Amino acid sequence: DSPDLSAMAGHTHARFLLACLAASILLTSQAQPATPTEVKVGFIVDAGSPVGKIATTTIPMALEDFYAAYPNSPVRVRILPHDSGGDVVAAASAALQLMTVQGARAILGPQSSVESAFVADLATQAQLPVVSFSATSPSVSPATAAFFARAALSDASQADAIAALATHFGWRRVVPIYQDDDYGAAFVPFLVDALTAERTEVPYRCALPAAALHDAIAAALLRMESEQTRVFVLHTRPELAKKVFAAAVDTGMMAEGYVWIITDGLTGLLGSVDPPQGVIGLTPYVPDTTRLRGVKKRWAHRYMRDHRDAEPAQAVMGCYALWAYDAAWAVASAAERLSSGDLSSPPGLVGGKGGPTDIAGLGKSTSGLNFLRAINSTKFDGLGGKFELVNGELAVPAFQVVNIMDNGRERGIGFWTLLHGLSRHGSNESRGELGPVIWPGDSTVRPTGWVQPTSARKLRVAVPGNVSDSYKPIVRLEVDPATNQTTASGFVIEVFEAAVRLLPYALPFEYVKAASMPYDDLVQAVGNGTFDAAVADITMTANRSNHVDFTLPYAGTAIAMLVRVRDQRSNKRTWVFLKPLRYDLWLVSAAFFLFTGFVVWAIEHRGNREFRGPASYQVGTLLYFGFSTLVFAHRETLKSNLSRFVVLVWVFVVLILQSSYTASLTSMLTVPQLEPAVADYGELQRGTEMVGVMNNSFVLRAMTASGFPQGRLVRYPNSQTIHECLLNGSIGAVVNETPYLRIFLKTYRDNFTMTGPLNKTGGFGFAFPKGSPYVTDLSQAILKLTESDEMNMIERKWFGDPNDDGATQDGGPFTSNSLSFSSFWGLFLITGATSLLCCVVHLATFVAANRRELPPHLSWKDWLSSLFKLFDDKDPSSHTFRVKDDGGAVSVRNDAVASPPIAHSELGSPLSAPYTSEWSGTASPATGEIELAAGGQERHEVAPNPDGSGENGRANQ
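Residues numbered from 1 in each chain as written. Predicted model: local features only at pLDDT ≥ 70, side-chain atom pairs only at ≥ 80, totals over all residues. Heavy atoms only, no water.

1. Overview of the overall build of the protein
- The number of helices and strands found in the protein is 28 helices and 34 strands.
- A burial count over the protein gives 47% of its 957 residues as buried.
- At a minimum sequence separation of 6, the contacts of the protein that also span at least 24 residues come to 71%.
- Counting every atom, the protein has about 46000 Å² of accessible surface; 56% of that belongs to carbon and sulfur. (Helix = DSSP H or I, 4+ residues; strand = E, 2+ residues; numbered from the N terminus. Buried < 20%, exposed > 50% of the residue type's maximum accessible area, 1.4 Å probe, protein only. Contact = heavy atoms within 4.5 Å. Areas by Shrake-Rupley, 256 points an atom, 1.4 Å probe, with all protein chains shown as cover.)

Here it is in structure tokens:
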């Protein structure tokens, strides 16, 4: 048995070894990857150019980094390089060779926009994607070539950022200097549109050929130096830009006061441009990452190794290097995603023998289209930031604003984004701010952007020449016949020149004498180009605005009347004593006289026999007392402190009213009361007098349009004619705009006044041709001028103080107005509140003292009736009715039938004499008498009533 067991064990061991060998072979075969599919991609550049040198280093390095990051990728992109030498024909020939012979599936490049446009047309016919990392000109785009994708920023995307810089620094004029080819010329329209949208003017442009020599460039710069603008935007290739900066240094145009801005195409190649210090540049914003720093370090070593003759300053990884790196990465990523099929057959030309074939196993005739779609849909975090193509164009995240230092290095001073505009740190918190800038000439002072030009064309500003001497304070133009020198002055001229001084640039102009013509014709002359502007007292109307553009009004105007004044005292002498107080004050004063008399009567009635008696007697006393306070002639003796307080306050009010009345009446009787001879425009239109209007004034047309009879309108040439016609009665009024009437009143102020109502007009404005860029700037300058005190100084200089016109619309400086209630309502409030308070206190005291005599359980009507009867009775406890007898006792009694005359004479009032009833012929009866003895004993005697009714009878007192 043991040999058998040994044999069985040997067989088992052999089978185990065979299984292990098979597993090892299987694992080894799986570990060895299949041969990667090769995807050929053309690469067309100008190898001798700065961008070409950058690309030849960057694209192989990017592919190596991609496959190092994805070592198991089933696809390998193979670069097929071609040097176009910057020639369009060579680039087209290379593209045809790549598509027909070499089997390229896509093309990276070409380098220039002209080459890219030509190759993109061929590639669109062949359905071959073309991915450019350096063709930034807007002349070629996915919109014009379907199979073109731009992995770089279009030049048009930075136009808004440049315009924002001009607005931020207050530069209103910018001159572009560009290369005279497709690269430079295609960018200028976008720049001009962006600047115009920000109200910045492009007065001229400078186009330089690519092969321009130093002398030609210097001559062009000197021509610009003779103009006024000092802000230049340079957009050329690096070779030409280097010549421009060298010529600018030689001509002194890199000194203080100049501004140079370079586009991102030059900022990305600073080592090849060598710009002087003080230049401002734009560059795409690139986030600083650890990966970027590592790639930059390796790229610099590799660039210097590939290009032994390069300078160290050129070994800086700028925007072109970043775009080339990310473009190669995007093509490799797209190829990997389309790697599940045959990647070897070239598509061929449309209509050729082979026709389009499949790529990556996709449907026939769709290979190139799907490869393009894969490239356009590729998204990743590239070296230059987030890589994403929107409609075939690289998305614009942000631009960084940099300041070039003396060593050629850039220093960031801010950012620009489409959302936040310019900002210091790229956020909304620092919006509108930038860091400090070192300008050309080592200056830290912001350049104004302009100087007085030496050869710029001057604006021909029309000024009316034949102006009457009466209106020379408004505008005047004189021409020296010997020297032909023009001199302008007046309010309008001074305002115009002050506004021009506030412009953010120089505006050369010269005054030109305009022939005598209506202002409507002068406006049309500006509109048709005869003059560049018109500076005069031109009123802005809707009809005139159809021909020209007006600035904002520099002087507000209105249509008013000028009439003679007359003294109204002789017409209203009879009732002049009523004039000092207006009707409302008369009514309120009368009401308070009555109210005060009533309050005093109510308080004094029960305790003062001078305020007692029959109803007619009491009413007379109330009226007499109230109105006698007007002349302080009241003789009634007041017994209550409440009534004395009421009268004290009221007499104070009467004193003030009396003094005011006396002063106003004196003024009306002694001071002339002037009023306009014609009150308003309606009265003028209803009348028959002739009306004067100024020559060439739009007022004549406005009055005719309003229905005023044209036969009553008379034109006049000057102020002297107005004065004579108004004095002799030839015209009854003058209708004109307020500035002219103010000038008239400044000279003839004694007998005339300006009256309304005022009809507002558009005001005076400066006229410019339609679409003139100066209108907006001058309007802003006029606003600044109006907000300052300078405009008031100019007006006072030419028109005098508006408060010193001598006559105003209210009838002149001598008019005395009636006093109204509004001037004294505070006094009436005080005396009214005092009287009311004292009356309430007296009534409350009365009710409290007599509450026991009012029977309870009465209806409110009976209760009020009882209360009124009690109020009408004497107050027996009042000290007024207490008299001393001979024994020294004090007696409180009611009046007897015939009271002793001496008792009444003590009161001192003529109205307090004994009263005898008119219908009974007897003296007023007494109800009884109470005597208080000195010892405190009380004796009550009742006098018999005259009618014999006994003690229940009462006299009506």
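Moving on from the model shown.
2. Here we look at the confidence of the model for the protein
- The pLDDT averaged across the protein works out to 80; a share of 81% of its residues lies at or above 70.
- In the model, residues 1-9 has pLDDT below 50 throughout and makes zero contacts with residues more than four positions away in sequence or in other chains.
- Here residues 805-814 is modelled with pLDDT under 50, and outside its nearest four sequence neighbours on either side it reaches 25 contacts, counting other chains as well. (pLDDT = per-residue confidence, 0-100.)

3. A few points about a nonpolar patch on the surface
- A cluster of nonpolar side chains, Trp-575, Phe-577, Leu-578 and Trp-586, forms an exposed patch at the surface whose accessible area comes to about 420 Å².
- Along the polypeptide, Trp-575 turns up in the loop between strand S24 (558-567) and helix H17 (583-604). (Patch = residues over 30% accessible without salt bridge, like charges linked within 9 Å, V, L, I, M, F, W, Y side chains within 5 Å. Salt bridge = Lys/Arg side-chain N within 4 Å of Asp/Glu carboxyl O.)

4. Some remarks on the pattern of salt bridges
- Considering all chains together, one arrives at 18 salt bridges under this definition.
- Across the pair Asp-288 and Arg-293 runs a salt bridge, and its minimum N-O distance is 3.3 Å.
- Glu-790 is the salt-bridge partner of Arg-501, the closest N and O atoms lying 3.3 Å from each other. Here Arg-501 is found in helix H15 (residues 491-501), whereas its partner Glu-790 is found in helix H25 (residues 790-799), with 289 residues between them in sequence.

5. Observations concerning helix H3 (residues 88-100)
- Helix length check: H3, at 13 residues, gives a terminal C-alpha distance of 18 Å against a target of 18 Å (1.5 Å per residue), a fit within 8%.
- Those residues of H3 that are buried lie in contact with strand S1 (37-45), strand S2 (75-83), strand S3 (106-108) and helix H4 (113-126).
- With a side-chain oxygen lying 3.2 Å from the backbone nitrogen of Val-89, the N-terminal cap of H3 falls on Asp-87. (Expected span 1.5 Å × (residues − 1). Polar contact = N/O pair within 3.5 Å; in protein donor to acceptor, adjacent residues only side chain to side chain.)

6. What to know about the packing of aromatic side chains
- Summed over all chains, the structure comprises 35 aromatic pairs.
- Where Phe-66 meets Trp-329, the ring centres are 5.1 Å apart and the plane angle is 90°; that geometry is what we call edge-to-face. On the criterion of sequence distance, the pair formed by Phe-66 in helix H2 (residues 50-69) and Trp-329 in helix H13 (residues 319-337) is long-range, its members being 263 residues apart.
- A residue is classified by how much of its surface remains accessible, and Trp-329, at 11% relative accessible area, is buried.
- Relative to Trp-439, the ring of Trp-171 has its centre 5.8 Å away and its plane inclined at 80°; by these criteria the two rings are edge-to-face. Taken together, the positions of Trp-171 in the loop between helix H5 (159-169) and strand S6 (175-179) and Trp-439 in the loop between strand S17 (421-423) and strand S18 (459-464) put the pair 268 residues apart, joining distant regions of the chain.
- The exposure class assigned to Trp-171 is buried, which follows from its relative accessible area of 1%.
- A relative accessible area of 3% places Trp-439 in the buried class.
- Site record: aromatic cluster; members linked through ring pairs are Phe-491, Phe-496, Phe-509, Tyr-511, Tyr-554, Tyr-740, Phe-764, Phe-766 and Phe-799.
- Here the basic side chain of Arg-237 rests over the ring of Tyr-183, its NZ or CZ set 3.9 Å away from the ring centre.
- Over the face of the ring belonging to Trp-329 we find Arg-291, whose NZ or CZ atom lies 5.0 Å from the ring centre. (Phe/Tyr/Trp six-rings, centres within 6.5 Å; stacked < 30°, edge-to-face > 60°. Lys NZ or Arg CZ within 6 Å of the ring centre and 35° of its normal.)

7. Some points on the sheet that holds S17
- With respect to topology, eight strands assemble into an open sheet ordered S7-S6-S8-S9-S10-S15-S16-S17, the strand pairing being mixed. Where the open sheet ends on each side, the last strands, each with one partner, are strand S7 (206-208) and S17. With strand direction ignored, the average angle separating the axes of adjacent strands in the sheet is 25°.
- Where strand S10 (residues 280-284) lies against strand S15 (residues 399-404), five bridges are found, and the strand directions are antiparallel. Bridge pairing in S15 links Pro-284 to Phe-399. (Pairing = 2+ DSSP bridges. Axes fitted to C-alpha atoms, helices over the stretch in contact; angles between N-to-C directions.)

8. Here we look at the pairing of strand S20 (residues 486-489)
- Here strand S19 (residues 476-479) runs beside S20; their pairing, made up of four bridges, is antiparallel. In the sheet register, Arg-476 faces S20, and the bridge partner there is Ser-489.
- In textbook terms, the turn of a hairpin is the stretch between consecutive antiparallel strands, and for S19 and S20 this stretch comprises six residues, one of which, Asn-484, has a positive phi near 60°.

9. Some thoughts on the environment of Val-576
- Of note, Val-576 is situated in the loop between S24 and H17.
- Along the primary structure Val-576 and Leu-665 are separated by 89 residues, whereas in three dimensions their C-alpha atoms are 7.8 Å apart.
- Excluding residues that lie within four positions of it along the chain, Val-576 makes contacts with Leu-665, Met-668 and Leu-669.

10. Focus: the UniProt feature "transmembrane region" (unreviewed entry) in the protein
- According to UniProt, the positions carrying the feature "transmembrane region" (unreviewed entry) are residues 547-565, 585-603, 615-633, 645-663 and 824-849.
- For residues 585-603, helix accounts for 100% and strand for 0%, while the C-alpha atoms at its two ends are 27 Å apart. (UniProt positions renumbered as here; feature names shortened; annotations may be inferred.)

11. Comments concerning the pairing of S18
- Taking burial as the measure, the six residues of S18 include five buried ones, the bulk of the element.
- Two strands pair when backbone bridges link them, and S18 and strand S21 (residues 509-514) are joined in this way by six bridges, in the parallel orientation. When the bridges of S21 are listed, Arg-460 appears paired with Glu-510.
- Relative to strand S22 (residues 533-534), S18 runs parallel, the two sharing two bridges. Residue pairing in the sheet places Val-461 in a bridge with Ala-533 of S22.

12. As for the packing of H5 against helix H7 (residues 188-197)
- Packing of H5 against H7 brings their axes to within 8 Å, and their N-to-C directions diverge by 40°. Viewed along their axes, H5 and H7 adopt a mutual orientation that is oblique. Two packed elements cross with a definite hand, and for H5 against H7 that hand is right-handed. The segment H5 lies against H7, with Ala-159, Asp-160, Ile-162, Ala-163 and Ala-166 engaging Phe-190, Leu-191, Ala-194 and Leu-195.
- A breakdown of the residues in the contact of H5 with H7 according to their chemical character gives eight nonpolar, no polar and one charged. (Parallel < 35°, antiparallel > 145°, perpendicular 65-115°, else oblique. Left-handed = near helix turned anticlockwise from the far one by under 90°. Nonpolar A, V, L, I, M, F, W, Y, C, P; charged D, E, K, R; others polar.)

13. Things to note about the environment of Phe-625
- Mapped onto the secondary structure, Phe-625 falls in helix H18 (residues 615-628).
- Take Phe-625: its relative accessible area is 1%, and that puts it in the buried class.
- In this structure, the C-alpha to C-alpha distance between Phe-625 and Phe-593, residues 32 residues apart in sequence, is 8.9 Å.

14. Brief notes about the nonpolar core
- Of all hydrophobic cores here, the largest spans 90 residues; its most connected members are Leu-108 and Phe-133.
- It is H13 that provides the largest number of residues to this core, a total of 15 residues.
- When residues no more than four places from it in sequence are discounted, the contact partners of Leu-108 are Val-41, Gly-42, Phe-43, Ile-44, Ile-59, Ile-79, Val-131, Phe-133, Ala-327, Ala-328 and Val-331.
- Ranked by size, the runner-up nonpolar core spans 52 residues in total, among them Leu-507, Tyr-511, Tyr-716 and Phe-764. (Core = buried A, V, L, I, M, F, W, Y, C linked by side-chain atoms within 4.5 Å.)

15. Comments concerning unusual backbone geometry
- With an omega of -10°, the peptide bond running from Gly-109 to Pro-110 counts as cis.
- You can see Pro-110 is positioned in the loop between S3 and H4.
- Unusually for a residue other than glycine, Gln-127 sits at a positive phi of about 55°.
- Within the element layout of this structure, Gln-127 appears in the loop between H4 and strand S4 (130-132).

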